[in-house]
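Coordinate analysis (summary)
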Amino acid sequence: MSSSSSSSSSSHHADSTSSYSGKWEYDVFLCFRGADTRHGFTSHLMAALSDRQIKVFIDDMLSKTESIHELISVLSKSALSIVIFSKNFADSSWCLDEVATISQRMVKFGHRVLPVFYKLEPSAVSDDSGSYAAAIEQKHGSKSPGDKKRWMDALKAVAERAGHTSQAIKIDSELVEAIVIDVLKRLAEISRRVKFDHLIGMDARVCEVEQLLAMDVDDFRIIGLWGMGGVGKTTLATACYQSFVSSGKEIKHHFVQNISEKLEKQSGIEGMVYELYSILLSEANLNYMDICHRRERLSRLRVFLVLDSVETISQLEQLLLGNILDSTNLFGPGSRIILTTRDRRVLVNAGAQIYEVKCLHSHESLQLFGIHAFRQCLPPNDFVDLSNVAVSYCKGSPLAIKVLGRALLDREKSYWESFLSELGENPKLEIRDVLRRSYDRLEVPEKRVFLDIACFLPRILNSLVINYFSTRYVEDLIDKSLLTCAFDKEDKRIEVHELLREMAWDIVSEEEHRSRFNKFDDVHKLLAVEKVKTSRRFSYLNILKPKEKHRSAFEKGSATEGILLNLSKDTDVHMEANAFEGMTSLRYLEFSYLENKYGASKVHLPHGGLITLPNSLRWLEWQKFPSKSLPSRFSPENLVTLCLSGSLILKRCWEAEQQLVNLVWLDLSGCINLVAIPNLSGSPKLERLLLEGCKRLIELSSHVQDLHKLVVLDLDDCTNMRIFPAKLNSKFLKKVYLSNCPKVTLCPEINSQELMWLDLRDTPIIALPTAIYNVKQDGWLLLCGKHITCFPAISASLKRFRLCHTLIAEMDCYDDHQLSSLPRFFLLELVGNPKLKSLSRHIWNMFSGTFHLEDCPSIQSLPEISQPVTGLTQIYIKGCRNLKSFPTSINNLKSLQILRFFETDIESLPPAIVELDQLSELFLHSNKRLEFVPSNIHKLVRLSYLSLAGCSRIKFLPELPPNLLTLAVSGCTSLQALPINIHRLGWKRLYFEDCPQLDTHLPQELVLNFCNHASSNLHSQGVLQHSGSKIPGWVAHKSMNYASDSCTMVQLTLPNCTTKKLIKGIAFGVVCSSDVGRVGISITCDCSIGTSTVAAASWSSPSFGLGRASQSDNVYIWYDKNLLGETKKGIRDEAEAWYERYAGLTVSFIFSLQPDEEEDVDKVKSIKVKSIGVSLLN
């Protein structure tokens, strides 16, 4: 094949395969001269590669008579090529053609090549005077000068790549091993990057971010990716995340996408919080209280998080459940958080190292454009000039380049010239103008689909898209990069970039007759009666006559296609019965409440309700619908989504039966007066039926069993439900919620292998459906029900299983002959099973992750561990109050890293525990009968956290492990002395309040020297808590309180510029009363100058679940070295340390207390702050 470009773009489309399309058929394409090396070096290399499971294609598999196109096809299916240059390689025209083809794909598609120079110098291959050049002239003299030049250019290009020579490694076996190791590394690199093929310039940017991440450094870091919309922040974050995941590091990780966008559609941030921490903690079904109880555990957990599209520091702190400036309290050492945002101040305030995601360079822009306009890295010769013009308009924006390239794909040159001429008419072209031009070229139906999705449904489920729109138009818009397809958990979604959403609303605002509305005033002008109340509770808005300049936009109701109004603000809307009359084009209608979804409606209708709704509606989402039924004149056959959740007076959707042939989603949850659901026998597309909290609903009609596409059925809290179908025949059913349905006595048979959630709590159901035994590969299942009495023989493919609130007595479903079919749980949770007495003796062989046993008071012992086990990494046991011992063979848990024993009856730990050389965290909270800790516990050299809080019988502690960072002995009321080596350890946290026997013997130097310890400590933050009434004397600036009110403020003057470099950090001290039950509190200190807060610090004091009142006041001392540390890399002058900026000024340090849990608000209010102090660390 000629290396020159053909004369038209169409000729390039036939040869458009990239070097890697997603999965390769071969790992290596091997090019060699058979006569030289086939039976020697090449055969040894082939055997070595095969031994490492590397799949190789050798050119012997190709017939020399076959077309070079067959070679191109094989190369496109190969991850990389090895070219073995040997003495007589250039004698073969076939070998030279292979190298030329490899070189061409190397240049055009980035195909990886590894040259091997066997018994010759590289110069023999690449030099014009070398032996290869001579062989080409002598052996192939009849070839054209063009062919000879093509061969020599290819030889030079391949020979210049990094490779191996037998001159450097003279022993063949060692050379083979070096090549194999190199190939393995390159394949691993390809695997890490493969998902980002065609993301031009990504490798260099990922490398730069990875340098900032510095994963081998044991500190806490936040990396901020900052840049304009459409520049590729999320793409870069995704690439970094995938690169980390593919590295195989055993660190908890999660990617939270589109945070700001999700907040627009969800009720606050709670859903994202629950999802994030359930994944990080490997615990399903967590609530806010659960997460707060695990805050201390999270602060030791090493994580890798990506938080995408964060708009405010408040969003970030809500999601991370803590003050971002107090990084010690967020996650453990070595943790990394990547943020993406358009707002640089968010990153500055978060203390992030900032990486500016810049626009693409001109050559990168041209490559990216070529991929989308021609399906190859570079444009053909006759389109180079036009391509350069096109990319110049995009100003390096990847989104604009992609959209413009797709708009010109497969178009004739005349079309290009016309298109680019129109763009060139705007001398002040912005990126949004480029995107707008692609929109303008859409057909009318495509424009309608794009605006609907961009304005109303930016993250719509694919199943809803299919039924709401024509699939053809959606696919066309994806092809043109105006929409993208993404996967969110198990759901496929269609998404719109934020920049395109903004453009869509700009387009709508320019319309002569507005088609879509989402602003409060605009919707009022369109729908409301003459006055709309809005004062402190209601406001009055006169909408009789819109302003003249806006009149044309509102007076044509027939042009209205969509209305979206968030009614969370305290404003009511009054409508007339005919408010929607004449809106014959209305397809989308949404009145929603992001907060307070249940309660009185803010939309008010006349007594008789609406006369009608437009029959054109395809999406009707009207939360708290204020009428007993939908209008009888409304024909809903076009509806895809119907949501009337929280409608307190709704009794039935329609008085008469209606045809709902297109319905995919029906949400009537919280309709407490609903007495009947619509007839769904004619709704074959229905996927979600949500009826939670429909307390008057008695019957779920039998036709529900024949909804063959049903995915979710939610009947939680349907307290009067008693008639239920015998079967649910959908093969796609994943979640069935029946909790608190006390009158449902039989669980329907479920004909699905997709089942992952079956909740039967507070029901009398005994028999389980067979579906739980047939869960698909790598599935997970939550199973609840107080009448479940036998442990189910679940599928061996199940990876996550939560069995809670049952009456099972033993886990006896696995016999010896079934060992080969044991499940390997990533997570097994047995929670709230009061009669469970014994576990399977094979339990320890059933894990590749975490075992969680909680509130099972009948268990007295655990099975012995008969042989070494490597899969179990975490054990969490809590509330098993009759559990008296742990297996003596605990040393067989070879991979155990975290062991938590809370509230059990154990008296001692097995001596073999010191043989757990992977153990890093040991929690022994509130084990009231525990008296001793093994004397040789110091042998646990990896142990960094030890908690004995609430172990009231422990009197002495032995020598502690050398790498311990945290020790908690709060509530150890019998403890008489701390261990002898406590002064030698590099402490980060020490908790020893409520230790009355220890107080009189407390090593005061441990407290008095805390200042020096903090200054020399490598950790950026630390804390010390103990019983007492005085802040140490070395705290220079104090404020005491002798009145009834709490002391809250202390002042000091910052040092001037000549002394600022001596400051290493800041220490805080607080003395609090404890005349209430012990609660977890957060102590915050705001640093203010005048009325401006210039910095902040905080610390959370865990309760350790002790519950009772402290016996004395408590002293809290903590230090923060980052608060006054050096300027962080990447932030520069914007992050100038505040003490430098305000040197010489007086600062007010204002302290406050907050509860860790909402129910403790009143208790915290009664805590009195008796003394506070601040000291600069020198």
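Reference entry: report on the structure contained in this document. Model, not experiment: these values are computed from the prediction.

1. Comments concerning empty space enclosed by the protein
Summary: where empty space remains is shown by rolling a probe the size of a single water molecule over the atoms. Under the counting rule described, the total for this entry stands at six cavities of 30 Å³ or more. Looking at the second largest cavity, its volume works out to about 80 Å³. Residues that form the lining of the second largest cavity fall into these classes: five nonpolar, one polar and three charged.

2. A word on the environment of Val 474
Following the sequence through the fold, Val 474 ends up in helix H25 (residues 471–479). Taking C-alpha positions, Val 474 is 9.9 Å from Asn 462, a pair spaced twelve residues apart along the chain. Excluding anything up to four places from it in sequence, Val 474 contacts Val 449, Val 465, Phe 469, Leu 483 and Ile 494.

3. Brief notes about helix H3 (residues 41–51)
Of the residues making up H3, those classed as buried are Phe 41, Thr 42, Leu 45, Ala 48 and Leu 49. One side of H3 carries all its buried residues, which in axial view fall inside an arc of 125°. Directly after H3, the chain includes Gln 53, whose backbone phi takes a positive value near 60°.

4. Some points on helix H20 (residues 398–408)
Burial of H20 is extensive: nine of the eleven residues sit out of reach of the surface. All buried positions along H20 are accounted for by Pro 398, Leu 399, Ala 400, Ile 401, Val 403, Leu 404, Gly 405, Ala 407 and Leu 408. Among the structural elements, helix H18 (362–374), helix H19 (384–394), helix H21 (413–424), helix H22 (431–440) and helix H26 (498–509) are those in contact with the buried residues of H20. Two residues or fewer past H20, Asp 410 is found with a positive phi of approximately 65°.

5. Re the pairing of strand S8 (residues 303–307)
Successive residues of a regular strand alternate their side chains across the two faces of the sheet. For S8, a buried count of five out of five residues is recorded, marking the element as mostly surrounded by other parts of the structure. Residue alternation in S8 divides its side chains into two sets, Val 303, Leu 305 and Leu 307 and Phe 304 and Val 306, and both sets are buried. Two strands pair when backbone bridges link them, and strand S7 (residues 252–256) and S8 are joined in this way by five bridges, in the parallel orientation. Residue pairing in the sheet places His 254 in a bridge with Leu 305 of S8. Relative to strand S9 (residues 336–341), S8 runs parallel, the two sharing four bridges. Note that in S9 the partner of Leu 305 across the bridge is Ile 337.

Quick notes on the rules
Residues numbered from 1 in each chain as written. Predicted model: local features only at pLDDT ≥ 70, side-chain atom pairs only at ≥ 80, totals over all residues. Heavy atoms only, no water. 1 Å grid on protein atoms, 1.4 Å probe; cavity = no way out; pocket = protein on both sides within 12 Å on 5 of 7 lines; lining within 4 Å. Points joined across faces, edges and corners; volume = space filled by probe spheres on them. Nonpolar A, V, L, I, M, F, W, Y, C, P; charged D, E, K, R; others polar. Helix = DSSP H or I, 4+ residues; strand = E, 2+ residues; numbered from the N terminus. Contact = heavy atoms within 4.5 Å. Buried < 20%, exposed > 50% of the residue type's maximum accessible area, 1.4 Å probe, protein only. Arc of directions from axis to C-beta. Pairing = 2+ DSSP bridges.

Function cannot be inferred from these measures alone, as they are strictly geometric.
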